[in-house]
Amino acid sequence: MSFLGRASRRHLLGHPGQLALCLLGIGLGIAAVIAIDIALAGAERSFERSIAGVIGNSTHQIVAGTGGIDEGLYRTLRLDHGLRSIAPIVEGEVRIISPPAQSSFGSTGSTGSTGSIGSTATETATQRAVDSLLATRPVRTLLGIDIYADSDFRPIAGTAGDGVGRSMVSTPGGAVLEHDAAQELGLVVGDAIHLQVGARREVLTLVGTWHAVDNLTRRGAARIIGVDIATAQEVLGRRGLLDRIDVRLDLPHSPTPEEVAALLPPGSELRAATERSDSFLAMTRAFRFNLQALGLLSLLVGVFLIHHTITVSVLGRRMLWGRMRAAGVSRGEIVRLVLGEAFFLGALGSAIGVGGGVLLGQGLMDVVLRTIEDLYVTLGRDPIPLPP
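Criteria and thresholds
Residues numbered from 1 in each chain as written. Predicted model: local features only at pLDDT ≥ 70, side-chain atom pairs only at ≥ 80, totals over all residues. Heavy atoms only, no water. Helix = DSSP H or I, 4+ residues; strand = E, 2+ residues; numbered from the N terminus. Buried < 20%, exposed > 50% of the residue type's maximum accessible area, 1.4 Å probe, protein only. Contact = heavy atoms within 4.5 Å. Areas by Shrake-Rupley, 256 points an atom, 1.4 Å probe, with all protein chains shown as cover. Salt bridge = Lys/Arg side-chain N within 4 Å of Asp/Glu carboxyl O. 1 Å grid on protein atoms, 1.4 Å probe; cavity = no way out; pocket = protein on both sides within 12 Å on 5 of 7 lines; lining within 4 Å. Points joined across faces, edges and corners; volume = space filled by probe spheres on them. Nonpolar A, V, L, I, M, F, W, Y, C, P; charged D, E, K, R; others polar. pLDDT = per-residue confidence, 0-100.

### Quick notes on the overall build of the protein
- A count of helices and strands for the protein gives 14 helices and 11 strands.
- For the protein, buried positions account for 40% of its 388 residues.
- If you take every contact in the protein between residues at least 6 apart in sequence, the share linking residues at least 24 apart comes to 80%.
- Put simply, the protein shows about 20300 Å² of open surface, and 60% of that area lies on carbon and sulfur atoms.

Now the structure itself:
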């Protein structure tokens, strides 16, 4: 190591406070930028997976206003106009909750009336605690489908099997879950699935499971509870109505979007399936911009800390620079020494910031997803791989 290098190292190690402040400023700024990028990328990927499980292979969707679509339109399009690559959909948000506790009133035994009341109060408190815990789980999508018309659209109908499909249709309140999701919930075929639907409680019966073909499908499908369309209409209180009709126009001999749109009554329209993702990105554009601006602001603060630290370091060594100049050290060598110190501090602080940003991003992702759920749309919280 040269004389100048040893002098620089001696100065940095002799002022640990300045060194730590500089590294902290660089690390925090870079960590904030990386953590926000990871959290935003995770939110977008979670949304894409949620949408992929719901829209399946559909290229377009027939939608109407907030009142929904009369289910008679589906029959008209399929029977009168011969559109076969269409599937009716009813969907809504629900939560899986614990089963209600059994009341102890009327029980006999030595505990008496007071014991029954105390037991009931205890069970009620326990029930509320459990429901409060379960309420932190992600919101599930109750997806009502026609199991026979839906086989070309979503893997639920394609992999569940004919027996499961028939059970879902013939069993009152029959539902299917993705296999791994059912195992995570501790449910087996025949178990009751207790749901919170708004202010109401509904009970479904697990009649079967289906296997996702890949991890991407599995993450999106883990939040879907598949039921027959009539069951979804009853549970969600939408008798005779559909939320949308999925359409595939990428098959041989499929009609054009203009031809399908011409068959729709007033108040209904044909939209591209990708508009749902586009609308999400548009809604969250300002939110994402604010987070990115916050990260860049943190980086700017780090830049000022670096500038302050280097400035103090240079001014504090004016006498040393003078002695070096008197000993024959050129002005350019001193400038290169200062720039080398800045590069070293930047590289070391950046390495610290990258590691801290990855860890912070994993924790920040849950906060970002919760905020987006509260303001915009429901997402899942599955682990998301780091963006490239």
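### Digging into unusual backbone geometry
- Within the chain, His253 stands out as a residue other than glycine whose phi angle is a positive 65°.
- Relative to the elements of secondary structure, His253 occurs in the loop between β10 (244–247) and α10 (257–262).

### What about the pattern of salt bridges?
- For the coordinates displayed, the defined rule picks out 6 salt bridges.
- Salt-bridge contacts for Asp246 lead to Arg244; the nearest nitrogen and oxygen are separated by 2.7 Å.
- We classify Asp246 as buried; its relative accessible area is 0%.
- On the basis of relative accessibility, which here comes to 3%, the residue Arg244 falls in the buried class.
- Across the pair Asp250 and Arg248 runs a salt bridge, and its minimum N-O distance is 3.2 Å.
- Asp250 gets classed as partly exposed once you look at its relative accessible area, which sits at 46%.
- Connected via shared salt-bridge partners are Glu91, Arg244 and Asp246.

### Side note on empty space enclosed by the protein
- Evaluated as defined, the whole model comprises 2 cavities of 30 Å³ or more.
- In this structure, the largest cavity spans a volume of roughly 70 Å³.
- Elements with a minimum of two residues in the lining of the largest cavity: α1 (3–14), α2 (16–55), α12 (285–315) and α14 (331–375).
- Residue composition of the lining of the largest cavity, grouped by class: 5 nonpolar, 5 polar and 1 charged.

### Points about the environment of Leu23
- Residue position: Leu23 is located in helix α2.
- Given the relative accessible area of 14%, Leu23 is considered buried.
- Taking the C-alpha atoms as reference, Leu23 lies 9.9 Å from Thr309; in sequence the two are 286 residues apart.
- When residues no more than four places from it in sequence are discounted, the contact partners of Leu23 are Leu345, Leu348 and Gly349.

### As for the confidence of the model for the protein
- Confidence in the prediction for the protein averages 76 pLDDT; 75% of positions are at 70 or higher.
- By mean pLDDT, the top-scoring element of the protein is strand β9 (residues 241–242) (93), and the lowest-scoring one is helix α4 (residues 112–134) (51).
- Confidence over residues 102–117 falls short of pLDDT 50; this stretch has 11 contacts with residues more than four positions distant or in other chains.
- Predicted confidence is poor over residues 381–387, with pLDDT under 50, and the contacts of this stretch with residues over four places away or in other chains come to 25 contacts.

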